[in-house]
Amino acid sequence: MTDHWNAIRKHWELLGPPLRPPAQVVEAYNRELDLAGSHVVMLGVTPELAGLGASLTAVDESRDMIAGIWPGDTERRKAVRGDWFDLPFPDASVEALIGDGCLSVIGAADLRRKLLASIARALKADGRAGIRLYALPEMRDEPRDVRELAMAGGVSTFHDLKWRVAMTAIGDAPDHTIPVAGILEQFDRIFPDRAELSARTGWEMPVIGTIDVYKNSPAIYSFAPVSALIEEAKAFFDDVRVASTGNYGLAERCPLLVLRSARSQRQIG
Ligand SMILES: C[S@@+](CC[C@H](N)C(=O)[O-])C[C@H]1O[C@@H](n2cnc3c(N)ncnc32)[C@H](O)[C@@H]1O
């Protein structure tokens, strides 16, 4: 998978909300998790979130993402190489944990559960975690409606459009998964003329071209409904809720999954 992220790293500056968290999202993590006085563990190297907490440790498996995207270690923050599924922290030792879009970039439900179990193992009994979701709406969009909305200037950014297109291609796939190559194919079906899309929206061709990183990528993303993710999380946490992360484009599909009261390994069984 590191090749996939490495390719994304190269055009990181062309990415924007909702993929990269706007200021509203940073505030939401703070508001919902009260991070100011805590040591925070972050899944990934999201630069916009690196300032959260009294101190912060970012965990990412990719040396290149740490070197290329992480804003650098300081006295209060550092990035370490590690696997989210086997976090480099003792049992019940983490006060607060955050992760932006992580449940969508790891694949199917068995891996989502594995990540939730990994977070539950590492969190203190009174610890809390927040994961920003990319969630499938209960009412699905039709591809032609997404096209019309975009061509009418009703979609906030190209990255907002990319997720709307992806969510029209899920179909009845198990676990709401989609190979990223399938997202590109669906996009090219709905928007065969990129120059026309660029002219109608003002989005620059290099930004639209960021979707081509999906070509030949083995990565599998998932966009599960909030209801399904809450059910999955309830197997590992006694207190599960979602909170709004603001009103930026597609924010209604990007709520914060807030997790407390991790269940012990004995309880999880
Ligand atoms: C789009 S980001 C999602 C996380 C966050 N939004 C970010 O900006 O880092 C994907 C990052 O997650 C990392 N990653 C994916 N799966 C991982 C895993 N199992 N363990 C550690 N890092 C992982 C990739 O290396 C990549 O840097």
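For every chain, the first residue of the written sequence is number 1, and numbering continues from 1 along that sequence. At least 70 in pLDDT is required for a residue's local features to be given in this predicted model, at least 80 for side-chain atom pairs to be given and counted, and no such filter applies to totals for whole chains, interfaces and linings, which use all residues. Calculation of side-chain values draws on the structure's entire complement of heavy atoms; hydrogens and water are dropped beforehand.

### Things to note about the domain arrangement of the protein
Inclusion rule: For the domain bounds, the source is a domain assignment made automatically or taken from a database. Residue contacts are defined here by distance: any two heavy atoms, one from each residue, within 4.5 Å place the two residues in contact. Once two parts are brought into contact, the accessible area they lose, counted with a 1.4 Å probe and summed over both, makes up the buried area.
According to the domain assignment, the protein consists of domain 1 (2-135 + 224-268) and domain 2 (143-220). Using C-alpha coordinates to define each centre, domain 1 is positioned 25 Å away from domain 2. Counting residues at the interface gives 25 residues for domain 1 and 20 residues for domain 2. Roughly 1,700 Å² of surface becomes buried between domain 1 and domain 2 when both sides are summed, with 69% attributable to carbon and sulfur atoms.

### Details of helix H10 (residues 226-234)
What counts here: With a 1.4 Å probe rolled over the protein chains alone, any residue whose accessible area is under 20% of its type maximum counts as buried; one over 50% counts as exposed, and the rest are partly exposed. A run of H or I in DSSP becomes a helix once it reaches four residues, and a run of E becomes a strand once it reaches two; helices and strands are each numbered from the N terminus. Here the arc refers to the directions that run from the helix axis out to each C-beta atom.
Those residues of H10 not exposed but buried are Leu229, Ile230, Glu232 and Ala233. The buried residues of H10 all sit within an arc of 160° when viewed along its axis, so they share a single face. Next to the buried residues of H10 lie helix H4 (109-122), strand E8 (237-243) and strand E9 (256-262).

### Describing the packing of helix H6 (residues 158-168) against helix H7 (residues 180-190)
Under the convention used in this document: Only the contacting stretch of a helix is used when fitting its axis, a line to C-alpha atoms as for every element, and angles between N-to-C directions run 0 to 180 degrees. To sort the angles, those under 35 degrees are grouped as roughly parallel, those over 145 as roughly antiparallel, those from 65 to 115 as roughly perpendicular, and the leftovers as oblique. Residues are sorted three ways: Asp, Glu, Lys and Arg are charged, Ala, Val, Leu, Ile, Met, Phe, Trp, Tyr, Cys and Pro are nonpolar, and all the rest, Gly among them, are polar.
Where H6 meets H7, the axes come as close as 9 Å, and the angle between the chain directions of the two elements is 100°. The angle between H6 and H7 falls in the class roughly perpendicular. Contact residues: H6 offers Phe158, Leu161, Lys162, Val165, Ala166 and Thr168, while H7 offers Ile183, Gln186, Phe187 and Ile190. Classifying every residue of the contact of H6 with H7 by side-chain character gives seven nonpolar, two polar and one charged.

### Quick notes on the nonpolar core
Applicable threshold: Nonpolar core, defined: a set of buried Ala, Val, Leu, Ile, Met, Phe, Trp, Tyr and Cys residues in which side-chain atoms within 4.5 Å join the residues together.
Leu97, Leu161, Trp163, Tyr221, Phe223 and Phe237 are the most contacted members of the largest nonpolar core, which has 92 residues in total. The element that contributes the greatest number of residues to this core is H6, accounting for six residues. Composition of this core by domain shows at least three residues from each of domain 1 (2-135 + 224-268) and domain 2 (143-220).

### A few points about the pairing of strand E5 (residues 123-132)
Regular strands have side chains that alternate between both faces of the sheet. This is how it is decided: By definition, two strands form a pair when at least two bridges between them are found by DSSP. When the strands point away from the viewer and the path from the first strand over the helix to the second turns clockwise, the crossover is right-handed.
Of all the 10 residues making up E5, seven are buried; the element is thus mostly covered by neighbouring parts of the structure. Two strands pair when backbone bridges link them, and strand E4 (residues 94-100) and E5 are joined in this way by six bridges, in the parallel orientation. By the bridge assignment for E5, Leu97 is matched with Ala129. For the crossover from E4 across H4 to E5, the handedness is right-handed.

### Some thoughts on the packing of aromatic side chains
The line we're drawing: Centres within 6.5 Å make a pair out of two Phe, Tyr or Trp rings, where for Trp the six-membered ring is used; the pair is then stacked when the planes are under 30 degrees apart, edge-to-face when over 60, and tilted otherwise. When the NZ atom of lysine or the CZ atom of arginine is within 6 Å of a ring's centre and also within 35 degrees of its normal, the charge is said to sit over that ring.
Inspection of the entire model under this criterion finds seven aromatic pairs. With a centroid separation of 6.1 Å and 70° between ring planes, the pair formed by Phe158 and Trp203 is classed as edge-to-face. Taken together, the residues span a long stretch of sequence, with Phe158 in helix H6 and Trp203 in the loop between helix H8 (194-201) and helix H9 (205-208) at a distance of 45 residues. Grouping aromatic residues by their ring pairs yields a cluster made of Tyr134, Trp163, Tyr214, Tyr221 and Phe223. The ring of Trp70 has Arg77 sitting right over it, with the charged end atom 5.6 Å from the ring centre.

### Structural notes on empty space enclosed by the protein
Inclusion rule: Points on a 1 Å grid, built from protein atoms alone, make a cavity when a 1.4 Å probe fits but cannot get out and make a pocket when they are open with protein on both sides within 12 Å along at least 5 of 7 lines; residues with an atom within 4 Å of a point are the lining residues. Grid points are joined across faces, edges and corners, and a volume is the space filled by probe spheres set on the points.
This model, assessed by the stated rule, comprises one cavity of 30 Å³ or more. Put simply, the largest cavity is a space of about 30 Å³. Lining of the largest cavity is provided by Leu103, Ser104, Leu133, Tyr134, Ser222, Phe223, Ala224 and Leu229.

### Some remarks on the site of the ligand
Keep this limit in mind: Any residue with a non-hydrogen atom lying within 4 Å of a molecule or strand is treated as near it. Throughout this description, a polar contact denotes any pair of N or O atoms lying within 3.5 Å of each other; where both atoms belong to protein, one of them has to be capable of donating a hydrogen while the other can accept it, and for residues adjacent in sequence the pair is counted only when both atoms sit in side chains. For the area figures, the Shrake-Rupley method with a 1.4 Å probe applies, and any residue is considered shielded solely by the protein chains shown. A pocket or cavity is taken to hold a molecule when more than half of that molecule's atoms are within 2 Å of the pocket's grid points.
Every one of the 14 residues lining the ligand counts as a neighbour, but Val45, Thr46, Asp60, Trp84 and Asp100 are closest to it. The contact in question runs from a nitrogen atom of the ligand to an N or O atom on the backbone of Glu61, over 3.1 Å. With respect to the ligand, the side chain of Asp83 contributes an N or O atom lying 3.2 Å from a nitrogen atom. Here the ligand has 560 Å² of accessible area as a free molecule, and 93% of this is covered by the chains. Counting atoms within 2 Å of the grid points, the majority share of the ligand lands in the largest pocket. Looking at the shell around the ligand residue by residue, the classes come out as six nonpolar, four polar and four charged.

### A closer look at the layout of surface pockets
In this structure, the largest pocket encloses a volume near 690 Å³. Contributing to the lining of the largest pocket are 34 residues, with Trp5, Met65, Trp84, Asp100 and Val105 lying nearest its centre. Broken down by secondary-structure element, the contributors of at least two residues to the lining of the largest pocket are helix H1 (2-10), H6 and strand E7 (220-222). By residue class, the composition of the lining of the largest pocket is 22 nonpolar, six polar and six charged.

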